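Structural characterization, general
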Amino acid sequence: MTSRIEIYSPEGLRLDGRRWNEVRHFRCAINTHPVSSDGSSIIEQGNTKVICNVIGPAEPTLRSRALLDRLCISVKVIVAPFSTIERRKRPQNDSRIQEMCSSIQHVFEDAVIAHLFPRSQIDVNLYIVAQDGGVLQACINATTLALIDAGVPMYDYVCACTAGMLDREVLLDMNRIEESDMPFLTMATIGATRKVSLLQLEMKVQFDRLEPMMAAAMSGCHHIRNLMDNEVRKHGKSRRQMGSL
Amino acid sequence: MPLSLTEESYLSVSLSQRPPCRPDGRDQLQFRPMDAAAGILPTTNGSARIRLDDGGECIVGVKAEVITVSGSSNDVHVEVDCDIIGIPPNSPLQNLLCSTLETAIKSSLPSHFLRITNKYRFKIFIDGIILDHVSHPLTLFSMTTYLALLDTRLPRLAPDSVGEHENDKDEIGIPQFSSDWADTDRLCKSWSPPLVQLGIIVGKNVFVDATGEEAEVSDGGLLTIWHDGRIVGLRVVKTRDSSKQVFSISSIGNAVEVLASASREIEKGLKGIRTS
């Protein structure tokens, strides 16, 4: 692929000065909205910023939505008009947003121990306030943290990461400019295992190059799991010191 | 949850007493504690977030775009839009929020602030998301917008693309902006944005920052637009479905004074917040 910008320099540095296997600056916080929701989190991955609010498990607002044997999760993604470089207002029923909602929903329906909460519902609201690539991965990571904050039992963290392929070079955790220039995949794993719960690739890529991309994305997921785990433990410790546990 | 008849009568009696007694022990002019931050979003020209004690939260991002205009029109191009989570778009509440602020900003912002050359202007987009609200979101949205506008910076023209004289500015074609973010002008250098304040009226008393229950027993609401140290606009709004919206003239006069002093204090508080 040709581009005006040098995505990956011969010295092995990317646009923002990272090496191929480095993730962007990762910052997360949990229990950020204690009054308005049962579980909440904020995730910043590079310049992408996502706020997540979880309400529930609670009785469903619509009786017809209740499932008799397990929990039902409904996901809503709100994209702020000011989140992109060019201001753009998207309707709520935008097909890309709908698709993202349903993939997040499917991932978490399998990740939470759903049979413990029959006939109840969890509402997940995701607010994308700034986007710079890797929106889906940030949404999944934010939802994981918010569900943990809400005290919903889960098998393990669900962590997501992207990886792209530039010629023969694998690049981990891409920003917006890199995403627009090369094929990339988003992968979510259950904790630090090799179990993949989501794999999304929307572009053409040679078959033999898929495996290195997946391997890189998986190592990125494991790294992000550690970062999130540190934050959750730090939060737990501070709560214990305050005497609220 | 709707109030029972007993609760409603207890609340309305204690609020219409003189001096009034609010359920949380606040003064008529006292706000609940809130948490505000400015300059939180890197993709905007200016941004702010305010969170109230009851969980109500609003995020506002201001973005500027360059548009072409024909002739030397003096229109101020500002668009205010907000998304209230849990309420469908184009609801009366959303229209009230957007139209009140848009008119207030358009009528107070001098058009030369947004002028680039005689052909090009900045258009300001103010977008808000109200993540959650328990009480009426108008004051919250207005305060967050105020803070976001204080934080707003517009880029200057690149020095090498502009000639020596002020008139040469009009000769250049497509404007080229300086790529240095430090080389920007504050939108609020010599202009302070309007601030909309909603007070609820119960009997002869007026209250700012009303909780949901207080609004439930009110006779109606009065919104004031505060700009440059005085009240420039006034409007009566419905705060509940069955409100009477009948006030005596003296209670309106009193309310305007009370809201003006509340706005003065709020403005002072918001100006003290560090912007980026």
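Residues numbered from 1 in each chain as written. Chains lettered and ligands numbered in written order. Predicted model: local features only at pLDDT ≥ 70, side-chain atom pairs only at ≥ 80, totals over all residues. Heavy atoms only, no water.

Chain B appears in an unreviewed UniProt entry as Ribosomal protein S5 domain 2-type protein from Lipomyces kononenkoae.

In this section: the overall build of chain A. What chain A contains, in helices and strands, is four helices and nine strands. For chain A, the sequential pattern of α-helices and β-strands runs β-β-β-β-α-β-α-β-β-α-β-β-α. In terms of overall size, chain A behaves like a compact globule, its C-alpha atoms giving a radius of gyration of 18 Å where 245 residues would be expected to give roughly 18 Å. Seen along its three principal axes, the alpha-carbon backbone of chain A occupies a region of about 55 × 45 × 35 Å. In chain A, which comprises 245 residues, the share counted as buried stands at 55%. Sequence-distant contacts, at least 24 apart, represent 68% of the contacts inside chain A between residues at least 6 apart. Within the structure as shown, chain A displays about 12000 Å² of accessible surface, and the carbon and sulfur contribution to it stands at 50%. Between the averaged position of the 29 positive side-chain charges in chain A and that of its 28 negative side-chain charges there is a distance of 4 Å. (Helix = DSSP H or I, 4+ residues; strand = E, 2+ residues; numbered from the N terminus. Rg over C-alpha atoms; globule rule 2.2 N^0.38 Å. Buried < 20%, exposed > 50% of the residue type's maximum accessible area, 1.4 Å probe, protein only. Contact = heavy atoms within 4.5 Å. Areas by Shrake-Rupley, 256 points an atom, 1.4 Å probe, with all protein chains shown as cover. Lys, Arg positive; Asp, Glu negative; His and termini not counted. Charge placed at Lys NZ, Arg CZ, Asp CG, Glu CD.)

With that settled, consider the confidence of the model for chain A. This prediction gives chain A a mean pLDDT of 92; 98% of its residues lie at or above 70. By mean pLDDT, the top-scoring element of chain A is helix α2 (residues 135-150) of chain A (96), and the lowest-scoring one is helix α3 (residues 176-179) of chain A (91). (pLDDT = per-residue confidence, 0-100.)

A side chain with one charge may pair with a side chain of the opposite charge, provided their charged atoms come close. Residue and element names in this part refer to chain A. Enumeration over the complete set of coordinates arrives at 32 salt bridges over all chains. Residues R18 and D16 are paired through a salt bridge, measuring 3.1 Å at the closest nitrogen-oxygen approach. Since its relative accessible area comes to 39%, D16 is described here as partly exposed. A salt bridge links E231 to K234; its shortest N-O distance comes to 3.6 Å. (Salt bridge = Lys/Arg side-chain N within 4 Å of Asp/Glu carboxyl O.)

Attention now moves to the interface of chain B and chain A. On the side of chain A, 22 residues touch chain B, which itself brings 25 residues to the contact. Around 1900 Å² of area is buried between chain B and chain A when both sides are counted, 61% of it from carbon and sulfur atoms. Looking at the side of chain B facing chain A, the largest losses of area belong to T43, K63 and I129 of chain B, adding up to 24% of the total buried there. Scanning the region where chain B abuts chain A turns up three salt bridges. K89 of chain A serves as the salt-bridge partner of D81 of chain B, at 3.6 Å between the closest nitrogen and oxygen. Put simply, chain B and chain A have eight residue pairs in polar contact (both at pLDDT 80 or more) between them. Mapped onto the side of chain B that touches chain A, the elements with two or more residues apiece are β3 (57-68), β4 (78-84) and β5 (120-132) of chain B. Here the side of chain B that touches chain A is composed, by residue class, of nine nonpolar, five polar and 11 charged. (Buried area = accessible area lost by both parts, 1.4 Å probe. Polar contact = N/O pair within 3.5 Å; in protein donor to acceptor, adjacent residues only side chain to side chain. Nonpolar A, V, L, I, M, F, W, Y, C, P; charged D, E, K, R; others polar.)

With that settled, consider the sheet that holds strand β11 (residues 230-237) of chain B. Residues and elements named next belong to chain B. If you trace the four strands from one edge of the open sheet to the other, you get β9-β8-β10-β11, paired in antiparallel fashion. Of all strands in the sheet, those bounded by a partner on one side alone are β9 (205-208) and β11. Sheet twist, expressed as the mean angle between neighbouring strand axes with direction ignored, is 30°. Both strand β10 (residues 220-227) and β11 contribute to a ladder of seven bridges, which runs antiparallel. The residue of β11 that forms the bridge with H227 is R230. In the packing of helix α2 (residues 92-108) onto the sheet, the strands contacted are β8 (195-202), β10 and β11, and the crossing angle to β10 comes to about 25°. (Pairing = 2+ DSSP bridges. Axes fitted to C-alpha atoms, helices over the stretch in contact; angles between N-to-C directions.)

The next thing to look at is the sheet that holds β4 of chain B. Residue and element names in this part refer to chain B. Strand order in the open sheet formed by five strands is β1-β2-β3-β5-β4, and the pairing between neighbours is mixed. With one partner strand each, in any of the chains shown, β1 (34-38) and β4 form the two edges of the open sheet. Strand-to-strand, the axes of this sheet are offset by a mean angle of 15°, without reference to chain direction. Here β4 runs beside β5; their pairing, made up of seven bridges, is parallel. The partner of D83 across the bridge, within β5, is I129. Against the sheet, α2 contacts β4 and β5, and its axis sits at roughly 155° relative to β4. Docked against the sheet, helix α3 (residues 138-151) engages β1, β2 (46-52), β3, β4 and β5, running at close to 150° with respect to β2.

Moving on, we get to the environment of I67 of chain B. Residue and element names in this part refer to chain B. Assignment of secondary structure puts I67 in strand β3. In sequence terms I67 and L131 are 64 residues apart; their C-alpha atoms lie 31 Å from each other. If we ignore the near neighbours within four places in the chain, the residues touching I67 are H77, K119, Y120, R121 and K123.

Right, let's talk about the pairing of strand β1 (residues 26-30) of chain A for a bit. Residues and elements named next belong to chain A. Burial along β1 is one-sided: the residues F26, C28 and I30 are buried and none of R27 and A29 is. Across five bridges, the pairing between β1 and strand β2 (residues 39-45) is antiparallel. What sits directly across from I30, in β2, is S41.

On the surface, I5, L15 and I177 of chain A cluster together into a nonpolar patch covering about 200 Å² of accessible area. Among the secondary structure elements, L15 of chain A is positioned in the segment before β1. (Patch = residues over 30% accessible without salt bridge, like charges linked within 9 Å, V, L, I, M, F, W, Y side chains within 5 Å.)

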